[in-house]
Amino acid sequence: MIVFLPIVLLILLVLALTSGLGRKQQAAEFGGIGWSPLRAFTYIMVFAGLLAVLYAMASLLAILIATVTRQSSSLLSADDIRSRVAFALAALLVGLPIWLASWTVAQRRAATSSEEQHAPERRLFLAAVFATTSVTALFALQTLLYVVLTLPGPPVAQPSRLDGIEAGAQLLTYGLAWLAYARLGWRERSTRAEDVFHDVAVYLPAGFALSFFAAGLYQAVYQIMDQLLGAGQSTLLAEPARSAWIIWGAIASWLLAGGSIWAASQLYDRARGGRRLLRVFYLYVVLAVAVPAALGSGIYGLYEVLRRLFGYHPREGEWIFLRDVLPLLLVAGMVWAYHWLMLRKQAAAEVAVPVPGGIAWPRRPAMALQTLLGLVIAAPAVISLLWLGLDFLFASGAASMGSSWWRDRLSFGLAASMVGTAFWLTGWMRLERAATADPPRERTARARRLLLGTITVVSALTALGFTVALLWLVLRILLGEPHDADTLTHMLRCLSTTVITGALAGYHGVILRRDRQLEPRQPRHSHIVALLAPGAEELLAEFRQRGGRHIEVIGYLAARTHGATEDLQTLQQQLATVGTHAWSEDALLILYPDGGTLYPYTKGAAPPASA
């Protein structure tokens, strides 16, 4: 992973720079300086040369340390040492001149122009170095801690000390490179400035570090539960001391490496502040992993509990399943709770004047996704329970299954429906309270509209498909085709799905229709014609410029006609109402040098007297 990550980032850097980075957009964001093919080539060569130099330096440093500590002879053969040294020297001899030459050219350009320091290619290069070196150092730190913390354990179970030496060399080399280029980037551009490339470089190692910390925490909880629930072992003291160093040394390496880097990235990101779209994207990605994991483990745990309440008694122990359920449930739940809190704080920072009871972005899409996910979990479970009930009532083919089959199906259906319904109601009730508190904004919000539309369409199509399948089965029976208990089972399954999905489509369709009534009524397309009196051409030009509506001149008046004359502002207000009444589709506009008259009219029946 450590070897391939820089190569992957190099490929991404080449693709990003050669694509022009969205030239106009990046030029506007980075002080007006545009994309340059020559500058892009320069920084690609700098990055490639730097990767070669860092790899070579880390390899040579690892061999030097192994030689000084007299570990090379016991860990590596002479041929292996010669091969490693030769490859590292080859990378250094090729990469060092490329890096020095390209970096010298880039630095001279940056020294002569302040705009050059803010070029998109330079910012992307610094972000790529920031991300590559930090993630590589994270992997190296975890390996080094693993080797160090397991030293008291049995030698046969210890990791290779050469891995620790190589990890230490990588940590030192890539850590120094990260520090040097990070300080350079901070001097040239404030950390609080808007920089999408730097945002990526911050949240990428933060995501890796969080996964390391979560993996270590999961293993720690798993080991604790395994010891507490294991056969003949009730405490951690039952674990042999020597093997415990191997187990807990590995766990501690994940916790310390991931926790330290993740905490540092969180503190750094808080210090930067600002409104950052990629921060929201990072939070959504973490929640997209943590929330399904927590719900899945919760459903599985509740399913096992219900099985036991219905008479299931496993041979390995009544509560051994907690060893598999609780670690994931606790870790995913903690990650979910923390990042959900961060999302709430981000939403509070987005709104200058909060609306009581309303939901601010970016929480509203998250609440909509929560509602959708809960419904996706609950709906199939409820369908399964309804089918089981009908199947038992009509004594169809599935009713002849054994008690264990019914127990497992019923337990899983109850568990999934309970968890999914609770999760769905939590999000949906929050959306409904917000819609009651602030109807004009909440009921017309895009996230709510997409949620209701998606549920309505998918549910209606599903109900339609299963209705066709149900009628197909019924017609086959009416036409005399032999049928058995399995046919009745299929019919009950189709009926259950049709009933539940049809109810969902109807419920959300009614709400969607009610919400649409709050949309501002759009005026119908109107055809406006004008008759110009002599000298009214300048007023027509100004009227078109200010109004933005198409006005067709159908003729000119020979002389001024009598009638009420309005000023330009009043005419503008009257013109905005054209098409909003049922009887006024078009209008006739007569303009004079000092004003005019607007006559709405219709081509249909005469307007009512009250109009």
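Residues numbered from 1 in each chain as written. Predicted model: local features only at pLDDT ≥ 70, side-chain atom pairs only at ≥ 80, totals over all residues. Heavy atoms only, no water.

(A) Layout of the overall build of the protein. In terms of helices and strands, the protein carries 19 helices and four strands. Residues classed as buried in the protein amount to 44% of the 611 residues present. Counted over contacts in the protein with a minimum sequence separation of 6, partners at least 24 positions apart contribute 78%. When the accessible surface of the protein is summed, it comes to about 31,700 Å², and 68% of that surface belongs to carbon and sulfur atoms. (Helix = DSSP H or I, 4+ residues; strand = E, 2+ residues; numbered from the N terminus. Buried < 20%, exposed > 50% of the residue type's maximum accessible area, 1.4 Å probe, protein only. Contact = heavy atoms within 4.5 Å. Areas by Shrake-Rupley, 256 points an atom, 1.4 Å probe, with all protein chains shown as cover.)

(B) Representation of the packing of aromatic side chains within the structure. Following the criterion strictly, the structure yields 22 aromatic pairs and no others. For the ring pair Tyr303 and Phe412, a centre distance of 6.0 Å and an interplane angle of 75 degrees mean the geometry is edge-to-face. Note that Tyr303 is positioned in helix α11 (residues 277–309) and Phe412 in helix α14 (residues 403–437), a separation of 109 residues in sequence. For Tyr303, a relative accessible area of 14% puts it in the buried group. A relative accessible area of 46% means that Phe412 is categorised as partly exposed. A centroid spacing of 6.5 Å and a plane angle of 70 degrees characterise the contact between Trp428 and Tyr507, whose relative ring orientation is edge-to-face. (Phe/Tyr/Trp six-rings, centres within 6.5 Å; stacked < 30°, edge-to-face > 60°.)

(C) Inspection of the nonpolar core at higher detail. Counting 62 residues, the largest nonpolar core has Tyr282, Leu343 and Trp428 as the members making the most contacts within it. The greatest single-element share of this core, amounting to 12 residues, is contributed by α11. If near-sequence neighbours (up to four positions away) are discounted, Trp428 is found in contact with Thr371, Arg448, Leu451, Leu452, Tyr507 and Ile511. Residues Leu50, Leu54, Ala91 and Trp99 belong to the second largest nonpolar core, which totals 23 residues. (Core = buried A, V, L, I, M, F, W, Y, C linked by side-chain atoms within 4.5 Å.)

(D) Region of the structure containing helix α7 (residues 120–149). Relative to the 44 Å expected for 30 residues at 1.5 Å per residue, α7 spans 43 Å between its end C-alpha atoms, a close match to the ideal helical length. Burial of α7 is extensive: 24 of the 30 residues sit out of reach of the surface. (Expected span 1.5 Å × (residues − 1).)

(E) Geometry of the pattern of salt bridges. This model, assessed by the stated rule, comprises 27 salt bridges. Of the charged contacts in the structure, one is a salt bridge between Glu166 and Arg84, with a shortest N-O distance of 2.6 Å. With Glu166 in helix α8 (residues 161–188) and Arg84 in helix α5 (residues 78–112), this pair connects stretches of sequence that are 82 residues apart. Linking Arg514 and Glu432 is a salt bridge whose minimum nitrogen-to-oxygen distance equals 3.8 Å. Residue Arg514 is located in helix α17 (residues 485–516), and its partner Glu432 is located in helix α14; the two are separated by 82 residues in the primary sequence. Judged by relative accessible area, which is 38%, Arg514 ranks as partly exposed. One network of salt bridges, with partners in common, ties together Arg122, Arg123, Glu188, Arg189 and Asp195. (Salt bridge = Lys/Arg side-chain N within 4 Å of Asp/Glu carboxyl O.)

(F) Expanded view of a nonpolar patch on the surface. On the surface, Val457, Leu461, Leu464 and Val468 cluster together to form a nonpolar patch covering roughly 390 Å² of accessible area. Relative to the helices and strands, Leu461 resides in helix α16 (residues 446–478). Residue Leu461 is classed as exposed on the basis of its relative accessible area, which comes to 55%. (Patch = residues over 30% accessible without salt bridge, like charges linked within 9 Å, V, L, I, M, F, W, Y side chains within 5 Å.)

(G) Highlighting the side chain of Arg272. Summarising the element assignment, Arg272 is placed in helix α10 (residues 241–272). Separated by 2.7 Å, the side chains of Arg272 and Asp199 make a polar contact. Discounting residues that sit within four places of it in the chain, Arg272 has contacts with Thr191, Arg192, His198, Asp199, Val202 and Tyr203. (Polar contact = N/O pair within 3.5 Å; in protein donor to acceptor, adjacent residues only side chain to side chain.)

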